[in-house]
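Topology and contacts: notes
Below, each chain spelled out in residue letters.
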Amino acid sequence: MEAATERSAERRELYGSSRVAPSILSADFSRLGSQVGEVLDAGARLIHVDVMDGHFVPPITIGPLVAASIADQVHDAGGAVDVHLMIESPENQIADFAQAGADSITIHYEATPHANRTLSAIREHGCLAGLAINPGTAAEAVRELRGYADILLCMTVNPGWGGQPFIAESPDKVARLTALVGDAAIEVDGGIDARTAPEVAAAGASLFVAGSAVFGTGDPAAAYSEIAAAAGAA
């Protein structure tokens, strides 16, 4: 019980500070552990895991086994595994990802009619609960779920593929969300790099998911550090 309480406090401290979260969606999976190690050594403490099912979004990506394969490495470095479920009926997968070592699990508002219940289930499994909204979903949609989510993820591209261009209106949406989410951290995902991160940071975001801008470069550690510095993040 004491260890679990300590781990929960560590998670909240990590997610409560300004952080860049490299997304392994863009990593070279033939050397995933090595690339994750590079960004951890550079200071990353949130590693983002994008899960897609071929239904909610067209691509199919990874599942609990991949999350589990890096969980010990991330935890040993004092970090957290930030799972983002871009899948239909996410309530059916919460237990598997929690068991795989997820520290936070984010579901999409658009993916389930039972967002309130699913967010509660994520917390019951010992993880921080995240709620994501697509670019076409109004910021006000999250109002009724205030207090049920620890993280509010604002998609700054349409979900499904890495490397998409940042949607220019995103900072305005992030600013509207800051008045609606209470104590939840605002995370942004899509087209985040050293140019766009400061724009959403100024609007109120504190967690910055970066995939191709980190792992799509020849030097992920240097790319991570550049984005973190631009965003004023750890």
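Here the structure is a predicted model, which is why all the values come from computation and not from measurement.

Below, the discussion takes up the environment of G33. The topology assignment puts G33 in helix α2 (residues 32-41). It is 9.7 Å that separates the C-alpha atoms of G33 and V74, two residues lying 41 residues apart in sequence.

Turning our eyes to something else, we now look at the sheet that holds strand β4 (residues 104-108). Spatially, 8 strands are ordered β1-β8-β7-β6-β5-β4-β3-β2 in an open sheet, and the strand pairing comes out parallel. Of all strands in the sheet, those bounded by a partner on one side alone are β1 (19-22) and β2 (46-52). Taken over all neighbouring pairs, the strand axes of this sheet differ in orientation by 25° on average, direction set aside. In terms of strand pairing, β2 meets strand β3 (residues 80-86) through 7 bridges, oriented parallel. Pairing of I47 across the sheet is with V81, part of β3. Relative to the sheet, helix α3 (residues 64-76) contacts β2 and β3, its axis offset from that of β3 by approximately 140°.

Judged by nonpolar contacts, the single largest core of 63 residues is most densely connected at I24, V83, L85, I105, L177 and F208. Element by element, the count of residues in this core is highest for α3, at 5 residues. Among all residues touching V83, those that are not within four sequence positions of it are V49, V51, F97, A102, S104, I105 and T106. The next biggest cluster of nonpolar side chains, apart from the first, holds 10 residues, and it includes L14, A80, I151 and V209.

The periodicity of an α-helix, 3.6 residues per turn, causes residues three or four places apart in sequence to face the same way. Taken together, the buried positions of helix α5 (residues 115-124) are occupied by A115, T118, L119 and I122. Along the long axis of α5, the arc covered by the buried residues comes to 100°, so they all point the same way. For α5, exposure combined with an orientation more than 90 degrees from the buried face picks out R117 and E124. Turning to α5, the residues buried within the fold contact α4 (94-100), β4 and β5 (128-133).

What follows is about the side chain of S23. The topology assignment puts S23 in the loop between β1 and α2. At 2.6 Å, the side chain of S23 and the side chain of D50 are in polar contact. Discounting chain neighbours no more than four positions away, the residues touching S23 are H48, D50, V209, A210, G211 and F215.

It is worth spelling out the pairing of β1 at this point. Side-chain alternation along β1 places R19 and A21 on one buried face and V20 and P22 on a second face that is also buried. Bridging between β1 and strand β8 (residues 207-210) involves 4 bridges; their strand directions are parallel. Bridge pairing links A21 to V209 in β8.

Attention shifts here to the side chain of T106. Mapped onto the fold, T106 is located in strand β4. In contact with T106, not counting residues within four places along its chain, are V83, H84, L85, G130, L131, A132 and L153.

Note on placement: A27 falls in the loop between β1 and α2. Relative accessible area serves as the criterion here: at 11%, A27 is assigned to the buried category. Those residues within four positions of A27 in sequence are excluded, and the remaining contacts are L32, Q35 and F215.

Okay, the packing of α2 against α3 next. Across the interface, α2 lies against α3 with an axial gap of 11 Å and an inter-helix angle of 40°. With respect to α3, the element α2 is oriented oblique. The crossing of α2 and α3 is right-handed. Contacts from L32, G33, V36, G37 and L40 of α2 reach α3 at V66, S69, I70, Q73 and V74. For the contact of α2 with α3, the per-class residue count stands at 6 nonpolar, 4 polar and no charged.

Turning next to the pattern of salt bridges. Evaluation of the coordinates by the stated rule reveals 6 salt bridges. R11 is paired through a salt bridge with D103; the nearest N and O atoms lie 2.9 Å apart. Taken together, the residues span a long stretch of sequence, with R11 in helix α1 (residues 2-15) and D103 in the loop between α4 and β4 at a distance of 92 residues. For E199, the salt bridge goes to R195, with nearest N and O atoms at 3.6 Å. For E199, a relative accessible area of 33% gives the class partly exposed.

Calculation criteria
Residues numbered from 1 in each chain as written. Predicted model: local features only at pLDDT ≥ 70, side-chain atom pairs only at ≥ 80, totals over all residues. Heavy atoms only, no water. Helix = DSSP H or I, 4+ residues; strand = E, 2+ residues; numbered from the N terminus. Pairing = 2+ DSSP bridges. Axes fitted to C-alpha atoms, helices over the stretch in contact; angles between N-to-C directions. Contact = heavy atoms within 4.5 Å. Core = buried A, V, L, I, M, F, W, Y, C linked by side-chain atoms within 4.5 Å. Buried < 20%, exposed > 50% of the residue type's maximum accessible area, 1.4 Å probe, protein only. Arc of directions from axis to C-beta. Polar contact = N/O pair within 3.5 Å; in protein donor to acceptor, adjacent residues only side chain to side chain. Parallel < 35°, antiparallel > 145°, perpendicular 65-115°, else oblique. Left-handed = near helix turned anticlockwise from the far one by under 90°. Nonpolar A, V, L, I, M, F, W, Y, C, P; charged D, E, K, R; others polar. Salt bridge = Lys/Arg side-chain N within 4 Å of Asp/Glu carboxyl O.

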